[in-house]
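Examining the three-dimensional arrangement
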Amino acid sequence: MNRERWWLALAVALPRLLVFPFAQSLFGDAVVRSELAAHWAAAPYLMTSFAKGPLQFGPLHLMLVGAASWLWPSPEHVGRLVSLVCGVATVWPLHALTRRLFPSLPNAPRAACLAFALWGMHIQFSTTAASEALGVLCVVAAVAALARALGEPDVRALVGAAVLLTLACATRYDAWLLVPLFVVGIAASLPDSRRWTWAVAFGALASLFPVAWMVGNWVDLGDPLYPAHYIDDFHRAWFPKDEAAWPPGRYRLMNLVFWPGTAALTLSPLLAVAGFVGLWSAWRTRRDLRWLVAAIALPTLYFTVRSTLLGNFAPLARFTSKELALLLPFIALGAQVLRPPRAALVAAWALAVAFPLALGAITFRRDGGWADMLRPVSPVSTQPVAVTEVAQQLKAQVLPDDGVVLDADEQGYRDLSVAFLSGLPESRLARARWKDFDRKLGEVKPRWLVRFDRVALGADGARGGVRVRGQEYEELPGTHPPLHLYRAR
């Protein structure tokens, strides 16, 4: 069995290692996370609230990436390496969980892990500096430990599950929903008087981070749920913008099928169908697994209601990560229920290989149209071509004493990516996005200027150049709109 897990780990690692040299941090706020982690690594401290450094992000991922940078001081790549390790490591708890859930299906762990290996969106998670790979690892490991605790029963496994879940809560806020769901699941699954003791003990341990985090935010900001309110306000403002981009009713209809649609697009349609059939069969025939089925279905229902009926949540593909990861163990059960012919099985695995290859080919180093639409679920994440061009020129041409004036992107956050990929230290950047722009402009030698098309920074200068605070710049070739690179005359 251990040998099989190692072979499956190799199968999971192979596509991620192949993609790693070509991938770039983009989605999941990976660039901002990397910069926050670098700031923390320079002067480590205990993050205790939104105001103490992590902003809207879970602090565990930032501190882990920061600590890893002490061993490999590469801000551009260290977060991606952490994700790679977490992504591959997930195969062990996934295998253990599936084997425990379905001991009568010897091929179930193999099917779950092979589907995981080919899961294109998770390949992206494993090769960018976002938090999904760590979050999925913690959630799957917590569920595996809880399944063991309920099956044997095992107090040590129960404690391990609670600790792993509180680590998941310290990584991503959506994991907080699992704490009350698992408490109810424990109480409903155990037949004797231990159920309430176990449920309360699990809830107390799993709530260690959420409670500490709420106390910290209450002390610092006067609101124990400040990060949640901040994120909710962002989504309430974001939702009508996305809705306005589609014909009336179309956006909410798409959100209605967003979670299963993401499963079909990222796991491939036939494997997704097998997983859903297995999930439904487990609910109907396996009372002992209803706690896990509920842990997948209820968060999906919650976010679907918010993104359809309430209109206050704009779903992103990466938000489905933990539910889709927990769907994988049910694929073999679904196949057993469906009893597909051998040709259908071959087609299912062929599609599982073809989908990530096709998505990668459509999105890799391409901009616009289908490339932009499908990039969030592609196995390979790459920055816009214009961003990469400017960042590479800065990395190659900026001298040690040169300063760079960096315009703010009014259409997004591409200026953050330019600064990050250029590898330039913050001391040599004057960023129009930050409040201290005027002060930094006076401190650095502003020899270079990065400018966007639609921008207020800079005035037209002589001979087609621009002028910023009295300094004239001339545009250099080799970049494409909306980004422009200038050098001081």
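Refer to the preceding data block for the structure.
Quick caveat: nothing in here was measured; it's all calculated off a predicted structure. (Residues numbered from 1 in each chain as written. Predicted model: local features only at pLDDT ≥ 70, side-chain atom pairs only at ≥ 80, totals over all residues. Heavy atoms only, no water.)

Time to look at the overall build of the protein. From N to C terminus, the protein includes 24 helices and seven strands. For the protein, the C-alpha radius of gyration of 24 Å lies close to 23 Å, the compact-globule estimate for 489 residues. A principal-axis box enclosing the C-alpha atoms of the protein has dimensions of 80 × 55 × 50 Å. Sorting the 489 residues of the protein into buried and exposed places 52% on the buried side. A fraction of 73% describes how many contacts in the protein between residues 6 or more apart in sequence connect residues 24 or more apart. (Helix = DSSP H or I, 4+ residues; strand = E, 2+ residues; numbered from the N terminus. Rg over C-alpha atoms; globule rule 2.2 N^0.38 Å. Buried < 20%, exposed > 50% of the residue type's maximum accessible area, 1.4 Å probe, protein only. Contact = heavy atoms within 4.5 Å.)

Judged by nonpolar contacts, the single largest core of 94 residues is most densely connected at Leu 146, Leu 165, Phe 182, Ile 186, Phe 202 and Leu 328. At 15 residues, the largest contribution of residues to this core is made by helix α8 (residues 132-151). Listed in part, the 22 residues of the second largest apolar core include Val 390, Leu 416, Ala 419 and Leu 483. (Core = buried A, V, L, I, M, F, W, Y, C linked by side-chain atoms within 4.5 Å.)

Taken across its six residues, strand β7 (residues 483-488) has five buried, putting it largely inside the fold. Relative to β7, strand β3 (residues 446-452) runs antiparallel, the two being bridged by five bridges. Residue Leu 449 lies in a different strand from β7, and its bridge partner there is Tyr 486. (Pairing = 2+ DSSP bridges.)

Moving on, we get to helix α23 (residues 414-422). Where burial is concerned, most of α23 is hidden: eight out of the nine residues are buried. Those residues of α23 hidden inside the fold are in contact with α2 (30-42), α22 (385-397), β1 (403-406), β2 (429-431), β3 and β7. Among the residues trailing α23, Gly 423 stands out with phi positive, at a value near 75 degrees.

Moving on to unusual backbone geometry. For the bond running from Glu 152 to Pro 153, omega is -20 degrees, close enough to zero to count as cis. Within the secondary structure, Pro 153 is located in the loop between α8 and α9 (155-169). A positive phi angle is found at Ser 268, which is not glycine, with a value near 90 degrees. Within the secondary structure, Ser 268 is located in the loop between α15 (258-267) and α16 (269-285). What makes Ser 268 buried here is its relative accessible area of 0%. A positive phi angle, close to 55 degrees, is found at Arg 365, a residue other than glycine. Its location among the elements puts Arg 365 in the loop between α20 (342-363) and α21 (369-374). On the accessibility criterion, Arg 365 (55% relative accessible area) is exposed.

Residue placement: Arg 318 occurs in the loop between α17 (290-310) and α18 (321-327). Here Glu 132 takes part through its side chain, which lies 3.4 Å from a polar atom of the side chain of Arg 318. (Polar contact = N/O pair within 3.5 Å; in protein donor to acceptor, adjacent residues only side chain to side chain.)

These figures capture arrangement, not role.
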